[in-house]
Amino acid sequence: MKSMVRTAWTLALLLPLALSAKQAPPGDQPLPLAGPRPSAATVQAWQARKFGLFIHFGLYSVLGGVWDGRKITKGYSEQIESFAPVPIDQYEALAKRFDPEKFDPDAIVALAKAAGMKFIVLTAKHHDGFAMFRTAQNRYDIVDATPYRHDVVKALADACARAHMPFGVYYSTIDWHWMHGQYRPDNDNPITPAQADFNVAQIRELMSHYGTISEVWFDMGKPTPAQSARFAHAVHALQPQTMVSGRVWNHQGDFSVMGDNREPDTGMEEPWQSPASMFPETWGYRSWQVRDDLPGKVRENIARLVRVVSAGGNYILNIGPEGDGSVVPYEADVLRGIGAWLKPRGEAIYGTQASPFAKLDFGYATLGAHTLYLFVEKPPADGVLRLPGVVGTRFGRGHVLADAKAVVDPVAVDASGATVKVGNLAGAGYMPVVAIPFEGGLHVRPDAVAPGADGHMQLDAVQAENFLNYNGYGYDDPPTPYKLRWYALLGAGDYQLTVHYRDAKASARIDVWVDGHPKPLALPAGEGAVRLLVSRDMHAQPWALQLELAPKAPFHKGDALPATITSVELAPFVRRERPVAPAPRIDARGGERP
């Protein structure tokens, strides 16, 4: 149960939790921090895109991962100024050589569309501080400092607008040029007030001169909470519907961002994105990168996309154009290969919801409005796809997308769940997708822990599904748990609940949610065990008791559980009736008789 469990009683409960400042989430979920935020419709549209193109392109592309005749193997190639290292005056002199005349924004947009991508994000300014747009804050930009003299951000923004492709920009809040080379190798510099002013001025330029910006992909640095709020507000003041990435830090983002080339292994209740590079070793162009096994690279990224979307997130895949602006042919071929797979299977990706299953032995799943999509990564030897926990669901006859020859038997439902046998998958290509329609809601029992023979139960913290706060104070700040969830196979009745905890720095209160109903619970400082009487709501959670521990509602992004929960006990509670005194005996004259 430590894996990302996504359990639903009905399809309606799987709808995205797209929230605006005027629309609060359920009390067991964090509220966004104060300030203007995109609307629910914007968030939902952002989540529905699922797959996008990241482009790391800048002054570093000229070097291609080579300095002074040496292949720089340490770090990402877009950070070669730091890792080589390159003296700052020599790095800045590269601008005189930067002439990306082969940069073709319309061709890049067409390539993204061919890949099945629904949005594009370009590095407007990376850590080196070189702006790929015209800025009035200095002359260290592609228009003023290079022979090219064209605004690359403007060119791509306009191409995206012509093609109705959502366009976003990456912006590094640390700037080695502005800082005169005074940077830390791990890019976690605090940001001075003057540099914050500089950043805000450039953010306002990007929000003012490049049309509608779908998202701002902030990155790195260690801003204070006030600075993070200021950066986010600078975006929203000019473009209220722009989504701000979590790497603006201090929980000020409109969506969470996973680590580079990483996917979450915990529950996610907010919009999130998984960024990946074509090659994990670098994001910017690397001339000496080994580029082989094209079919394997295509399959690798199809699998990544499916995993991320099945978990409820968006996947953004990076390319690094060469210094002349051309797209590396190998990377273009990978994108086209993904697009060829996606074209007949896109309905299983775009606009879908996360899998309702904790784990499937054959692969992954997504959920459409009235269709369950099954991605078969490991075809079972007997051809039977098993869907654990399915109950009370009316399925129609399924089919395999892009393969009319595959045979899909009717779905069978029994006490263990649903099964469907699929034949002739050999001709369906990599990661076949089985589409199974259903009527009404899709009902799935959760994975649940059974009580002992005496009805007592202990739920350890390691059995819980964890919900974490991402994107705190800097890249290396570990995520913090804000909620734990268990499911217990307990029937109707009352239960004595005991919470065991430690590391409470001060007395605090949490909410205990049982079947969707909260009760406050006080935790004295230190460690201990506290008790609470709770009751089942069989109508809300008919198949298992749902237990959640969360900060006292309402709480906000970044708020964590105030103590380390070690375990929870549940025991049946039997109410003892008080003995009733016998009624007094009355004599004929109306008096009590002894």
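Note that the coordinates shown come from a computational prediction; the quantities given were computed from them, not determined experimentally.

(A) Up close: helix α9 (residues 329–342). The end-to-end C-alpha distance of α9 is 20 Å, a good match for the 20 Å that 14 residues give at a rise of 1.5 Å each. The elements touched by buried residues of α9 are β1 (51–55), α4 (105–114), α8 (294–310), β10 (314–319), β12 (371–376) and β19 (433–439).

(B) Expanded view of the packing of aromatic side chains. Inspection of every chain in the model, using the stated rule, returns 19 aromatic pairs. Between phenylalanine 218 and phenylalanine 231 the ring centres are 6.3 Å apart and the planes differ by 20 degrees, which places this aromatic pair in the stacked class. Separated by 13 residues along the polypeptide, phenylalanine 218 in strand β6 (residues 215–219) and phenylalanine 231 in helix α7 (residues 225–238) bring together distant segments of the chain. As far as the burial class goes, phenylalanine 218 and phenylalanine 231 line up, both buried. Ring-pair connections join several aromatic residues into one group, and the members of that group are Phe54, Tyr76, Tyr170, Trp217 and Trp283.

(C) Geometry of the sheet that holds β6. Strand order in the open sheet formed by eight strands is β7-β6-β5-β4-β1-β10-β9-β8, and the pairing between neighbours is parallel. On the outer flanks of this sheet lie β7 (243–244) and β8 (256–257), each paired with one strand and no other. Of the pairings in the sheet, the one linking strand β4 (residues 120–125) to strand β5 (residues 167–172) comprises five bridges and is parallel in character. Pairing of threonine 123 across the sheet is with tyrosine 170, part of β5. Most of the contacts of helix α6 (residues 193–209) go to β5, to which it runs at about 170 degrees, and overall it touches β4, β5 and β6. Set on the sheet, α9 makes contact with β1 and β10; between it and β10 the angle comes to about 150 degrees.

(D) Main features of the side chain of aspartate 141. Relative to the helices and strands, aspartate 141 is located in the loop between β4 and α5 (152–162). Notably, aspartate 141 is buried but unbridged: the nearest opposite-charge side chain belongs to arginine 134, and the N-O separation is 5.7 Å. Leave out the neighbours within four places in its chain, and aspartate 141 touches Phe130, Ala131, Phe133, Arg134, Thr135 and Thr146.

What counts, and where the lines are drawn
Residues numbered from 1 in each chain as written. Predicted model: local features only at pLDDT ≥ 70, side-chain atom pairs only at ≥ 80, totals over all residues. Heavy atoms only, no water. Helix = DSSP H or I, 4+ residues; strand = E, 2+ residues; numbered from the N terminus. Expected span 1.5 Å × (residues − 1). Contact = heavy atoms within 4.5 Å. Phe/Tyr/Trp six-rings, centres within 6.5 Å; stacked < 30°, edge-to-face > 60°. Buried < 20%, exposed > 50% of the residue type's maximum accessible area, 1.4 Å probe, protein only. Pairing = 2+ DSSP bridges. Axes fitted to C-alpha atoms, helices over the stretch in contact; angles between N-to-C directions. Lys, Arg positive; Asp, Glu negative; His and termini not counted. Salt bridge = Lys/Arg side-chain N within 4 Å of Asp/Glu carboxyl O.

Scope: geometric values only; no functional claims are made or implied.
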